[in-house]
Amino acid sequence: MKISTRGRYALRFMIDLAQHDSSEYTALRDISERQEISIKYLEQITSLLCKFGLLQSVRGPQGGYRLARAPSEYTVGEILRITEGDLAPVACLSLPENTCPKKEECATLDLWTGLYKVICEYLDSKTLEDLISSVKKLEDNTDYFI
């Protein structure tokens, strides 16, 4: 499994919104500058995130985006499923029911099922708030030398 640029940028976008959460709407231009991601690319991501209810948006001069929920209520798994699609490591696990004609004799099915379970459990256990806390710890541990 490889997370695409869209998935990585969506996480960076959501973390940025959460870090700068002020109940006001944040202009896409500001996030684009802070994250060094093109506005055009962010527009594609925000469209998708708004469609699934993760963001609130307002148009106009005072418009922008803000989180629809608290950072602790968003999981990394939720964001990646929206931007990446299913997180299954093999195609036969992508559907609600495995219809692979070789599933009964597949020597690797348990391996892939176990990996999929671990991926989902891990990504669903991490929230935006967890990621923000990690960034704060990194910033707090920065030593300055003269």
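Use the structure listed above.
Notes on the structure follow. (Residues numbered from 1 in each chain as written. Predicted model: local features only at pLDDT ≥ 70, side-chain atom pairs only at ≥ 80, totals over all residues. Heavy atoms only, no water.)

### Digging into the side chain of aspartate 16
Summarising the element assignment, aspartate 16 is placed in helix α1 (residues 5–19). On the accessibility criterion, aspartate 16 (1% relative accessible area) is buried. There is a polar contact of 2.6 Å between the side chain of aspartate 16 and the side chain of arginine 34. With sequence-adjacent residues up to four places away left out, aspartate 16 is seen in contact with Ile31, Arg34 and Gln35. (Helix = DSSP H or I, 4+ residues; strand = E, 2+ residues; numbered from the N terminus. Buried < 20%, exposed > 50% of the residue type's maximum accessible area, 1.4 Å probe, protein only. Polar contact = N/O pair within 3.5 Å; in protein donor to acceptor, adjacent residues only side chain to side chain. Contact = heavy atoms within 4.5 Å.)

### Observations concerning the pattern of salt bridges
Throughout the structure, instances matching the rule amount to 5 salt bridges. Ionic pairing is found between arginine 69 and glutamate 78, a salt bridge with its closest N-O pair at 2.7 Å. Taking the relative accessible area as the measure of exposure, arginine 69 reaches 28% and is therefore partly exposed. Looking at glutamate 78, the relative accessible area reads 22%, which means it is partly exposed. (Salt bridge = Lys/Arg side-chain N within 4 Å of Asp/Glu carboxyl O.)

### A few points about the packing of aromatic side chains
What the rule picks out here adds up to 2 aromatic pairs. For the ring pair tyrosine 9 and tyrosine 41, a centre distance of 5.3 Å and an interplane angle of 65 degrees mean the geometry is edge-to-face. Here tyrosine 9, found in helix α1, pairs with tyrosine 41, found in helix α3 (residues 39–51); they are 32 residues apart in sequence, far enough to count as distant. According to the relative accessible area criterion, tyrosine 41 is partly exposed, its value standing at 26%. (Phe/Tyr/Trp six-rings, centres within 6.5 Å; stacked < 30°, edge-to-face > 60°.)

### Some details on the pairing of strand β2 (residues 64–67)
Relative to β2, strand β1 (residues 55–58) runs antiparallel, the two sharing 4 bridges. In the strand pairing of β2, serine 57 is matched with tyrosine 65. The antiparallel pairing of β1 with β2 creates a hairpin that spans 5 residues between the two strands, and glycine 60 there sits at a positive phi of about 110 degrees. (Pairing = 2+ DSSP bridges.)

### Structural notes on α3
For α3, built from 13 residues, the straight-helix expectation of 18 Å at 1.5 Å per residue is met to within 8% by its first-to-last C-alpha distance of 18 Å. In this structure, the buried side of α3 is in contact with α1, α2 (28–35), β1, β2 and α4 (76–84). After α3 finishes, the residue glycine 53 shows a positive phi value of roughly 80 degrees. (Expected span 1.5 Å × (residues − 1).)

Keep in mind that these numbers describe shape and distance, not what the molecule does.
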